Amino acid sequence: MSDLKDRLRADLTTAIKARDEVRSSTLRMVLSAITNAEVAGKQARELSDEDVVGVLSTEAKKRREAATAFADAGRTESAAKETAEAAVIADYLPEQLDADAIAGIVAAAIEQTGAAADGMKAMGRVMGVVQPQVKGRADGGAVAAEVRRQLGA
């Protein structure tokens, strides 16, 4: 079993004992999403730490998007709840990359693939090199936007 999943289960127990409603409900939801990912597909499998980070990233992104939607609709209480859940999930994600770090990784990938001359046609090649380096540490949309910017689209 993955260490991260064990840590999530242990922290859930601690949160329940401490009567921390937000943390315990968020961790229950995350563990449920992990279980769903494990049984999805034709055959059940045990997720690695890397796979668990992917599930956590997806769940965090859902919370950020929901918080934005609630805030735009004027539902501040719901937006605050989603933001609090996103903060709990962020505790288990690797350190997030800032824009400068993403730009550096993208520039190195463009140089490595020789994609500068090909322009936007090379976006797939560049993203293929960049994605494994930033998985779980940066939003895919921000990475894609940086690749587009540097390829001159």
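Source: prediction; values computed, not measured.

At Arg19, a residue that is not glycine, the phi angle is positive and equals roughly 60°. Inspection of the secondary structure puts Arg19 in the loop between helix H1 (3-17) and helix H2 (21-39). On the basis of relative accessible area, Arg19 is assigned to the exposed category, the value being 70%.

All right, on to the pattern of salt bridges then. If you walk through the whole model with that rule in mind, you get 12 salt bridges. Its salt-bridge partner being Asp91, residue Arg23 comes within 2.9 Å of it at the nearest N-O pair. Placement of Arg23 in helix H2 and of Asp91 in the loop between helix H4 (76-90) and helix H5 (99-113) is noted, with a sequence separation of 68 residues between them. Across the salt bridge formed by Glu85 and Lys81, the nearest N and O atoms sit 2.9 Å from each other. Residue Glu85 and its partner Lys81 are located together in helix H4, separated by 4 residues, close to a single helical turn. If you follow the salt bridges from partner to partner, you end up with Glu59, Lys62, Arg63, Lys81, Glu82 and Glu85 in one network.

Calculation notes
Residues numbered from 1 in each chain as written. Predicted model: local features only at pLDDT ≥ 70, side-chain atom pairs only at ≥ 80, totals over all residues. Heavy atoms only, no water. Helix = DSSP H or I, 4+ residues; strand = E, 2+ residues; numbered from the N terminus. Buried < 20%, exposed > 50% of the residue type's maximum accessible area, 1.4 Å probe, protein only. Salt bridge = Lys/Arg side-chain N within 4 Å of Asp/Glu carboxyl O.

Note that all results are geometric; they support no functional claim without further evidence.
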